[in-house]
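Chains, contacts and geometry: an overview
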Amino acid sequence: MRGKRQLAVSGNPSLKNKSLGKRVLQNWELYLFMAPALLYFLVFHYGPMYGIQIAFKNFVPSKGITGSPWVGFDHFERFFNSYYFWDLLWNTFSISFYELAIGFPLPIILALAFNEVRTGPFKKTVQTVTYAPHFISVVVMAGMIITFLSPSSGIIIRVIEGLGFTPAAFLTDPAWFKTVYVMSGVWQSTGWGTIIYLAALSGVDPQLHEAAIVDGASRFKRMLHINLPTIVPTITIMLILNMGNILGLGFEKILLLQNSLNMEASDVISTYVYRAGLVNAQYSFSTAVGLFNSVVNVMLLVTVNKIARRTSENSLW
């Protein structure tokens, strides 16, 4: 693709000889259309990077960022040498990989199943039911989970008791926290995650299916050998993006489901940064921990992308 663009530019003297300013003026509508998104990233993503330097300073609000003294890597050493470092790292990685192992393949399977269902009221109803939880806010979702799993009045607890089993302490037992978090996330996001795969499946050539039917291929074999290979590039890109955010667990739902009894399994890097930075006002230390989290995510993203580029033609860059 890049070679084609370069060939097009080199083969068109008018584009090659025009200055950047003239090209911008000639296509000002496109640049104007792009401006809001560009301003958003500049103001809310790249602008705050100026404050990252407080991770290497002993930040004092009265002195400001520039007036605070430099301390080098002291905050990073403090975090790496702390007794809770490995616990935070283990909880973050285990929840992320658990969520990836369960939540990543389910939208693919559901999209393949939706694609095999003929258009009709049943398909539309099922799609609506599976998409709907995505629009529930995190706060409402956490409230629903707490209500459903309440030992005194939770409907799931009552169903388990009605079946003759003894319900577990889902909200207070550390062994159950990760399962509750992951399964609730699967319920909320699986249906919405099928949209991108359904869009990819819409590009399958019908002639391939017609030829396979003539050769006697069953519906399952056609799904396995035609539909699935078609969405492999999309699956690869989505896997790379998910791996690049492996330590980027959102702290909102974890914080809302967290309590003193399940803290052993629920305390992750993002919740620790929240407590250290906003609750305990350790701004420099929390920034250092957050920066470490981001650097690990970038390293994972680059590594997985490089592996995908060497093993296949599908990668982000």
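Given the structure is predicted, the values throughout are model-derived calculations rather than measurements.

The next point concerns the overall build of the protein chain. Per the secondary structure count, the protein chain includes 18 helices and zero strands. Taking 317 residues into account, the globule formula puts the C-alpha radius of gyration at 20 Å, and the protein chain, at 25 Å, lies well above it. Each of the three principal axes of the protein chain carries a C-alpha extent, and together these read 70 × 65 × 35 Å. Per-residue burial over the protein chain gives 33% buried out of 317 residues. Within the protein chain, residue pairs in contact and separated by at least 24 positions form 64% of the contacts whose partners lie at least 6 positions apart. Of the roughly 19700 Å² that the protein chain leaves accessible, carbon and sulfur atoms contribute 67%. Between the mean site of the 23 positive side-chain charges and the mean site of the 15 negative ones, the protein chain shows a separation of 12 Å.

Let us look at the packing of helix H7 (residues 85-103) against helix H12 (residues 174-201). At a minimum axis distance of 10 Å, the contact between H7 and H12 shows a crossing angle of 40°. It follows from the interaxial angle that H7 and H12 lie oblique. Between H7 and H12 the crossing geometry is right-handed. Counted together, Trp90, Asn91, Ser94, Ile95, Tyr98, Glu99, Ile102 and Gly103 of H7 and Phe177, Lys178, Thr179, Tyr181, Val182, Met183 and Val186 of H12 form the full contact between these two elements. Of the residues that constitute the contact of H7 with H12, the class distribution is nine nonpolar, four polar and two charged.

You can see Ser284 is positioned in helix H18 (residues 283-311). Side-chain polar atoms of Ser284 contact the backbone oxygen of Lys57, separated by 2.8 Å. For Ser284, the contacting residues outside a window of four places in its chain are Ile54, Ala55, Lys57, Asn58, Phe59 and His75.

Take the UniProt feature "domain: ABC transmembrane type-1" (unreviewed entry) in the protein chain next. Within this structure's numbering, the places UniProt gives as "domain: ABC transmembrane type-1" (unreviewed entry) are residues 89-304. The annotated region residues 89-304 carries 75% helix and 0% strand content, and the separation between its end C-alpha atoms amounts to 20 Å.

All right, on to the UniProt feature "transmembrane region" (unreviewed entry) in the protein chain then. Following the UniProt record, the feature "transmembrane region" (unreviewed entry) maps to residues 28-47, 88-114, 135-160, 180-200, 228-251 and 283-304 here. With 71% helix and 0% strand, residues 228-251 has end C-alpha atoms that lie 34 Å from one another.

Before going further, it helps to spend a moment on the nonpolar core. With 39 residues, the main nonpolar core has Phe79, Ile231, Tyr272 and Phe292 as its most contacted residues. Listing elements by their share of this core, those giving two or more residues are helix H6 (74-80), H7, helix H8 (105-116), H12, helix H14 (219-243), helix H17 (269-279) and H18. Counting residues per element, this core draws most heavily on H18, at eight residues. Other than its neighbours up to four places away in sequence, Phe292 contacts Phe76, Phe79, Phe80, Phe85, Leu89 and Ile269.

Attention shifts here to unusual backbone geometry. For Ala281, which is not a glycine, the phi torsion comes out positive at approximately 55°. The topology assignment puts Ala281 in the loop between H17 and H18.

Conventions and cut-offs
Residues numbered from 1 in each chain as written. Predicted model: local features only at pLDDT ≥ 70, side-chain atom pairs only at ≥ 80, totals over all residues. Heavy atoms only, no water. Helix = DSSP H or I, 4+ residues; strand = E, 2+ residues; numbered from the N terminus. Rg over C-alpha atoms; globule rule 2.2 N^0.38 Å. Buried < 20%, exposed > 50% of the residue type's maximum accessible area, 1.4 Å probe, protein only. Contact = heavy atoms within 4.5 Å. Areas by Shrake-Rupley, 256 points an atom, 1.4 Å probe, with all protein chains shown as cover. Lys, Arg positive; Asp, Glu negative; His and termini not counted. Charge placed at Lys NZ, Arg CZ, Asp CG, Glu CD. Axes fitted to C-alpha atoms, helices over the stretch in contact; angles between N-to-C directions. Parallel < 35°, antiparallel > 145°, perpendicular 65-115°, else oblique. Left-handed = near helix turned anticlockwise from the far one by under 90°. Nonpolar A, V, L, I, M, F, W, Y, C, P; charged D, E, K, R; others polar. Polar contact = N/O pair within 3.5 Å; in protein donor to acceptor, adjacent residues only side chain to side chain. UniProt positions renumbered as here; feature names shortened; annotations may be inferred. Core = buried A, V, L, I, M, F, W, Y, C linked by side-chain atoms within 4.5 Å.

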